[in-house]
Amino acid sequence: MDMNELQTKVCTILAENLSIPIEQVTPQARFQEDLDADSLDLVEAVLALEEEFNVTIPEEEMEGVRTVGQAIQLVADKLGVAA
Amino acid sequence: MAEATVALVTGASRGIGRAAALALARGGLHVAVGYRSDADGAEEVVAKAAADGADALAVPLDVEQENSIDEAFGRIEERLGRVRVLVNNAGFTKDGLAAKYSTTTWDTTMNVNLRGPFLCSRRALPGMLKARWGRIVNVASVAAIRGNAGQTAYTASKAGVMMFTKSLAREVGGRGITVNAVCPGFVETRMTEVQGEETRQRYLDMTPAGRFGTPEEVAGVIVFLAGGEAAYVNGAVITVDGGLSA
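Note that the structure is predicted; figures quoted are calculated from it, not measured. Each chain carries its own residue numbering, running from 1 in the direction its sequence is written. Here every chain gets a letter starting at A, and every ligand a number starting at 1, in the order they are written. With pLDDT at 70 or above as the cut-off, local features in this predicted model cover only qualifying residues; side-chain atom pairs require 80 or more to be listed or tallied, and sums for whole chains, interfaces and linings still use all residues.

Trainee: Please clarify how the overall build of chain A should be interpreted in this entry.
Mentor: The numbering of helices and of strands both runs from the N terminus, where a helix is a DSSP run of H or I of at least 4 residues and a strand a run of E of at least 2. When you go through chain A residue by residue, the secondary structure sums to 4 helices and 0 strands. Overall, chain A is about 30 × 25 × 20 Å in size when its C-alpha atoms are taken along their principal axes.

Okay, here's the thing in structure tokens:
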């Protein structure tokens, strides 16, 4: 899987989980300010990403993730997908 | 829910857990009977549930071990489906005065009674969140509300589970998941039959009903909480104690 494919997959999952149109899920979008996601929304989104990509994202790693782009990078790092 | 809902009851080889598993099975749910060491007891519960037409499965489950919990859930997901009703019933008690209470026993009490429900709930939540439907019923105790000499560890752990219930209820209530606690009083099970005659009489004197409860009477409330009719009951603490704590 390459970065483009990964990005599309992650954005699709986020759009589904946050119940928002996929056009809004851009790498610059901030979860709280732009996508109106509360803490439970984020936990659910992370759980969905964990399940889809078969990775584990511990709580400490979630803390720094404020934007969609950071979430994509986090998953990419776990899977060893290069930019 | 088109197909049967899947329930997991921990510590279900006997006592309240057993009664709850059987009652849930009679209510049409698929039931996973969690047990730590009493495999025969668990299989007996499964056989009885099956006789009532339910799909039931005995699963080894030690709530003190994260691996055990993970494996058990995996097994259930494979055989029955994702757990939508979780009854955290497995419990441990050992009386002793604080001045002489061993650290090990304290830790075991906390790990089984408080940490166990947390670990099992955490493992069950993703499935419930995804489905936007779930029921978590924590079997606490009147010991969560009233102190008892000789039970500092037990009462602390049960009070802990009670507050865990309330906070979790607030976290996930908006997702169609309810989290409630049931507080049995003195119920005739193996946990209580080992208490001395003096203790038993003392409890009897304090219980307006003038008798001890049965596991089935507690199971009745658990089954209600696990069902569709209890959708607006969340973060509740329901005593089933014949008036003991009134």
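Next, the rest of the story.
Trainee: Sorry, what's going on with the sheet that holds strand β5 (residues 134–139) of chain B here?
Mentor: All names here are of chain B. The pairing criterion for strands is at least two bridges between them, as found by DSSP. Overall, parallel pairing links the 7 strands, which are arranged β3-β2-β1-β4-β5-β6-β7 in an open sheet. Unpaired on one side and paired on the other, β3 (56–60) and β7 (237–240) mark the two borders of the sheet. If you compare each strand with its neighbour and ignore which way they point, the axes differ by 20° on average. When strand β1 (residues 6–9) meets strand β4 (residues 83–88), the two strands line up parallel, connected through 4 bridges. Looking at β4, one finds that Ala 7 is bridged to Val 85. Axis angles are defined between N-to-C directions and span 0 to 180 degrees, where every axis is a line fitted to C-alpha atoms and, for a helix, only to the segment in contact.

Trainee: Hey, could you run me through the confidence of the model for chain B in this one?
Mentor: Low pLDDT marks regions whose predicted coordinates should not be analysed in detail. pLDDT expresses how confident the predictor is about each individual residue, on a scale running from 0 to 100. Within chain B, residue pLDDT values average 95, and 99% of them lie at 70 or more. The ipTM for the predicted assembly is 0.79, set against a pTM of 0.92.

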